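Report on the structure
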Amino acid sequence: MNAAVRPIPYLPQVAEIVARREEAAGIFTFRLRLKDPARRAAYRFQPGQFNMLYLFGVGEVPISIVSDPEDPELIDHTIRAVGRVTEGLARLGPGDTLGLRGPFGRGWPVEQARGRDLLMVTGGLGCAPTTSAIQYALQRRDAYGRIAIAHGVKRPEDLIYGERFDSWCAAPDTQVLLTADQAGPGWRGKVGLVTVLLDELDPAMFRGMAMMCGPEVMMRGTAEELLKRGMRIEDIFISMERNMQCALGHCGNCQFGKDFVCKNGPVFPYGEVRGLMRVRGY
Amino acid sequence: MAQAALLDRTAFDFLIQTLITQGYRVLGPQARTGAIVWDEIGSADELPRGLRSEQQPGHYRLVETGSARLFDYVHGPESLKRLLFAPEESLWTVDRDGEIRFNETLPAARPTAVIGARACDIAGMLVQDRTFLAGPWSPFTDPYYAARREHLFIVAVNCTMTAPTCFCASMDTGPRTRTGFDLALTELDDGFLVETGSPAGEAIAARLPLRPASPAETQAADAAIDAAARAQVRSLDQSGIVELLFGNLEHPRWDDVASRCLSCANCVMVCPTCFCHREHDAAALDGQSSRRVRQWDACFTLEHGSVHGGPLRPQIRQRYRQWLTHKVASWIEQFGVSGCVGCGRCITWCPTGIDLTEEVAAIRAQPGLQA
C-alpha cells in the first residue's frame, strides 16, 4: 500500500470531550479536542462544514461544526439526541472519548459575504449549521453590514439556544425575529411561517446575502419569497441534510442529482438545487 | 501495444501455469448453479468448455454446445466489481480500554489474475476507478479498493458472441477491449490471439509459447468481434440524455415501470458500476471491541438515504427513477462518463425483465408527458 492513501479516510481520530453544555431538553453542545497533537495542530475547518462523530460500538453521524474556525483546536458540536448514535452520545461527558473524522463538505460563503448585509433564516432544530455563520459574522462584526436572524419554530417550546438568541439580540446592528406556527401563552414573537418575518425587514436587506438552514420545504418557500422580493438567486445559500455515511462521496446515500451532499454540499447556492428541490422523492 | 501473437488451444494451460508460477492466484470462469462465476483454478482442465449462455430479459440459461471453445458464453451475473469492491468487509476495528483506540484493517491484497474479463467488465472497472480512486472526479482514495486494484492482473477476452441483452456497441465500451487489461485474448477455432496491454502483461506473454499470428488469423479475430457488435439488437441513444430524463421527472412512464419493478435491487447487485453501500457496527459480545463494516446497498432499499428513520423515496417510482436517472444521466455530470457500460446484466437478471434501454426509449418517444 502506497503512502498516498494514508491517512485512511474511513478511520476516525480519537477526540476527547473537554466540555459539555446543555442547550435545551435533549440538546447539548460538546467541545471536542483531538487527542493526537499533530492531528490537532493540523486540523482546520470552515463554518458550515461537518464532522462524522463515532460512538463506540454503535455508529457514526454527521454533525455540523458550530465553533469559530480561528480556534480549530477546540471543535464545538451541538447535538440533538434523536437516534441511536446521538442518544448514546448524550450519555457522554467531559473526559470521555469518541471518534471524529473531518472536516467534510463545503461550508458557508462567509468570506464572499464580507461587507454585505446578512439575512440568516433558520427553522426549528435545524438551526445549528447556520449558527456557525452567525457566530462567525458577529465575531467579526465590522466586516459585515446589518445582520437579521429570522427564526421559526413549530411551537414556542421548540425554541432552543435561548441564551444565544439573547446575545444576538444584544449585538450591534443585529435584528432577531422569531415566529411560531402555533403561539402559546407568553409568546412574544410572530405567529405563522418564517416567511411572515420577511415583512418585518428593511427591504434593503434583500440586496444582501441569505443563508438558510431548516426543513427543505421551509428553505424552498423562503428562497422563493426572497426572489419575489428582489434578492438575486446567487445570493441565496442553503444547507441541506441527507443521510451521510462515508462523507467521501463513496457510499451514495446522500446523492442529490449530480451532487453528493457530503462533498458538494451541505451548503449549496440555491440556484444549483432549485430544480430538483421541487421534485418530490428526489 | 505489441504485435498480436497466437497461443495454440492446446497450450492454454501454459498461461495458467505461468501465472501461478509468477505468484498469482488464478481465477477462472466456472459454471456454478447454472451460471458462470469466477473461482480459483489450478489448470485449464477446470475451465468449462462448449457452454453458451442464453440471455433474454429476465432469463439466463447455460446451454452445452459440444464445442471445444472456452469463452462462448458472454458473461454471468458477476463483473470485476466483486473482486475490487468487496460485497462486505471491515473498514476498521476499535477497542476500548479506558479510552477508545482505532485500528486499520487494510486487506493483505494477494496478486490475483482473473481470466475472462469482458470489455464491459473492464469499462465498468474504469468507471468505478473514478469513484474509488482520487483524481479529477474524487478527492479520496478508497485504500481497500486501491490495494486490490493494484494487485489485479486482467486477462481479458474479446467477445465474439453477443447476448440479446448486450448493448456495449452503442455505449462505445465493447465488444473489443481497448484499454485496462494486461493481456487480451480473442478465441479462434485453433487458438487465442494474444495482445498485451501493460508491462505486467508483456512479462507474462514473454514466457508463453507464442507464435506470430498470421494475417488471416488477425482478420478472423477482427471479423468475429465486428460480427458480435453487429449482432447486438439493443442500443441506448445517449443524445441529450441528461436533459431528456431530468426534463421528464414526472413522466407517466415512471409509474408504468414502477408497476413492474419489484424493488429487489438485482439490477444494482449485478451492475459493474453501482457503488452504493451502507455501514454498520458489529460490536463484540464482551463490549470491548467493534468492527466497522460496509456492505453493498442499493437505492432500491427503503433504508438507502433515509433521514431520521424516514425513507427519502417511499415509492418504487421514485426509487427506479433515482436509479435510472443516476445511472445513465447524472453520472455523466458527476464522473464525466455514463454509469452504464451496456453489459445488459440489469436486463437479464431483472426478475420481471425490465429493460432500461426500453424505459429511456419510451420517455424519448413521448417527452413532456406529465403523470
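The structure presented is a predicted model; accordingly, all values stated were derived computationally and were not measured. Every chain's residues receive numbers from 1 upward, in the order its sequence appears when written. Each chain gets a letter, beginning with A, and each ligand a number, beginning with 1, in the order they are written. In keeping with the model being predicted, local features are shown solely for residues with a pLDDT of at least 70 and side-chain atom pairs are shown and tallied solely at 80 or more, while totals for entire chains, interfaces and linings include all residues. The basis for the side-chain values is all heavy atoms of the structure; hydrogens and waters are excluded.

The number of helices and strands found in chain B is 13 helices and 14 strands. The size measure is the radius of gyration over C-alpha atoms, and the globule rule it meets is 2.2 Å times the number of residues to the 0.38 power. Its C-alpha atoms give chain B a radius of gyration of 22 Å, within 12% of the compact-globule value 21 Å for 371 residues. Taken along the three principal axes of its C-alpha coordinates, chain B extends 65 × 65 × 40 Å. Residue exposure (1.4 Å probe, protein chains only): buried if accessible area is under 20% of the type maximum, exposed if over 50%, otherwise partly exposed. The buried share of chain B, reckoned over its 371 residues, is 56%. Helix and strand assignments come from DSSP, with helices taken as H or I runs of at least 4 residues and strands as E runs of at least 2, each series counted from the N terminus.

Turning next to the packing of aromatic side chains. Ring pairs (aromatic) are described by centroid distance and by the angle formed between their planes. All names here are of chain B. Paired rings are identified among Phe, Tyr and Trp, the last through its six-membered ring, by centres lying within 6.5 Å, and are further divided according to the angle between planes into stacked (under 30 degrees), edge-to-face (over 60) and tilted (the rest). Following the criterion strictly, the structure yields 28 aromatic pairs over all chains and no others. Consider the rings of F85 and F132, whose centres lie 4.9 Å apart with planes at 45 degrees: the pair is tilted. One end of the pair, F85, is in the loop between α2 (81-84) and β6 (88-97); the other, F132, is in helix α3 (residues 119-132), and 47 residues separate them in sequence. We classify F85 as buried; its relative accessible area is 1%. The buried category is assigned to F132, whose relative accessible area is 0%.

Residue and element names in this part refer to chain A. Any two strands with at least two DSSP bridges between them are considered paired. In space, the seven strands of this open sheet follow the order β10-β9-β8-β7-β11-β12-β15, with mixed pairing throughout. Both edges of this open sheet fall to β10 (190-191) and β15 (267-269), since each of them pairs with a single strand only. Of the strand pairs in this sheet, strand β12 (residues 236-239) and β15 are connected by three bridges, and their pairing is antiparallel. Its bridge partner being in β15, S239 is matched across the sheet by V267. Contacts are residue-level and defined by heavy atoms, with any inter-residue pair within 4.5 Å sufficient. Axis angles are defined between N-to-C directions and span 0 to 180 degrees, where every axis is a line fitted to C-alpha atoms and, for a helix, only to the segment in contact. The strands touched by helix α5 (residues 216-228) are β7 (118-123), β11 (209-213) and β12; relative to β11, the strand with the most contacts, the crossing angle is about 165 degrees.

Counting from both sides, the interface comprises 46 residues of chain A and, opposite them, 58 residues of chain B. Throughout, the accessible surface (probe 1.4 Å) given up by two parts as they are put together, summed over both, is called the buried area. Here chain A and chain B share an interface that buries about 4,300 Å² over both sides, 58% of which is from carbon and sulfur atoms. On the chain A side of the contact with chain B, F56, H250 and Y282 of chain A bury the most area, a combined 18% of that side's loss. Salt bridge criterion: a side-chain nitrogen from Lys or Arg within 4 Å of a carboxyl oxygen from Asp or Glu. Along the contact surface separating chain A from chain B lie one salt bridge.

Side-chain pairs of opposite charge can arise where the charged atoms are in close proximity. All told, the structure shown has 50 salt bridges over all chains when counted by the stated rule. Between E16 of chain A and K35 of chain A there is a salt bridge whose closest N-O contact spans 3.8 Å. Here E16 of chain A is found in strand β1 (residues 13-24), whereas its partner K35 of chain A is found in the loop between β2 (27-34) and α1 (37-42), with 19 residues between them in sequence. Look at E16 of chain A and you get partly exposed, because its relative accessible area is 21%. Judged by its relative accessible area of 32%, K35 of chain A is partly exposed. In this structure, D281 of chain B and R292 of chain B form a salt bridge, with 2.8 Å as the shortest nitrogen-oxygen distance. With D281 of chain B in strand β13 (residues 277-283) and R292 of chain B in strand β14 (residues 289-296), this pair connects stretches of sequence that are 11 residues apart.

Let's shift gears to the nonpolar core. The criterion is simple. A nonpolar core is a set of buried Ala, Val, Leu, Ile, Met, Phe, Trp, Tyr and Cys residues joined through side-chain atoms within 4.5 Å. With 80 residues, the main nonpolar core has L119 and L226 of chain A together with L80 and I154 of chain B as its most contacted residues. Listed in part, the 31 residues of the second largest apolar core include I241, A329, I347 and I363 of chain B.

Next up on the list: the environment of D142 of chain B. Structurally, D142 of chain B can be placed in the loop between α3 and α4 (143-150). Given a relative accessible area of 0%, D142 of chain B falls into the buried group. In contact with D142 of chain B, other than residues within four places in its own chain, are Y10 and H250 of chain A together with F132 and R294 of chain B. Contacts described as polar in this section are N or O atom pairs within 3.5 Å, which, within protein, must combine one atom able to donate a hydrogen with one able to accept it, while residues neighboring in sequence count only if both atoms come from side chains. A polar contact of 3.1 Å, which involves the side chain of D142 of chain B, links it to the backbone nitrogen of Y144 of chain B.

Bringing the sheet that holds strand β12 (residues 211-212) of chain B into the picture now. Pairing between the strands of a sheet is mediated by backbone hydrogen bonds and can be parallel or antiparallel. Residues and elements named next belong to chain B. Within the open sheet, the eight strands sit side by side as β3-β2-β8-β9-β10-β11-β1-β12. Their pairing is mixed. Of all the strands in the sheet, the pair left with one neighbour each is β3 (35-40) and β12. Alignment of strand β2 (residues 25-32) against β3, held across six bridges, turns out to be antiparallel. Its bridge partner lying in β3, A31 is registered against I36. Where helix α1 (residues 12-21) meets the sheet, its contacts fall on β1 (5-8), β2, β8 (112-117), β9 (152-157), β10 (183-187) and β11 (191-196), and the angle it forms with β8 comes to roughly 155 degrees.

Residues and elements named next belong to chain A. In this sheet, strand β6 (residues 97-104) lies alongside β1 in antiparallel orientation, the contact comprising four bridges. Note that in β6 the partner of E16 across the bridge is T97. Here β1 folds back onto β2 in antiparallel fashion, the turn holding two residues, of which G26 has a positive phi close to 75 degrees.

Residues and elements named next belong to chain A. Partitioning chain A into structural domains gives domain 1 (3-104) and domain 2 (118-277). Throughout the structure description, domain borders are defined by an automatic or database domain assignment. For domain 1 and domain 2, the distance between their C-alpha centroids amounts to 23 Å. Of the residues lining the interface, 23 residues belong to domain 1; the matching set on domain 2 comes to 22 residues. Put simply, domain 1 and domain 2 have three salt bridges between them. A salt bridge links R164 to E23; the nearest nitrogen and oxygen atoms lie 3.7 Å apart. For the side of domain 1 that touches domain 2, the elements supplying multiple residues, two or more each, are β1, β2, β3 (50-55), β4 (59-64), β5 (75-80) and β6. Considered class by class, the residues forming the side of domain 1 that touches domain 2 number 12 nonpolar, four polar and seven charged. Under the scheme applied here, ten amino acids are nonpolar (Ala, Val, Leu, Ile, Met, Phe, Trp, Tyr, Cys and Pro), four are charged (Asp, Glu, Lys and Arg), and all others, including Gly, are polar.

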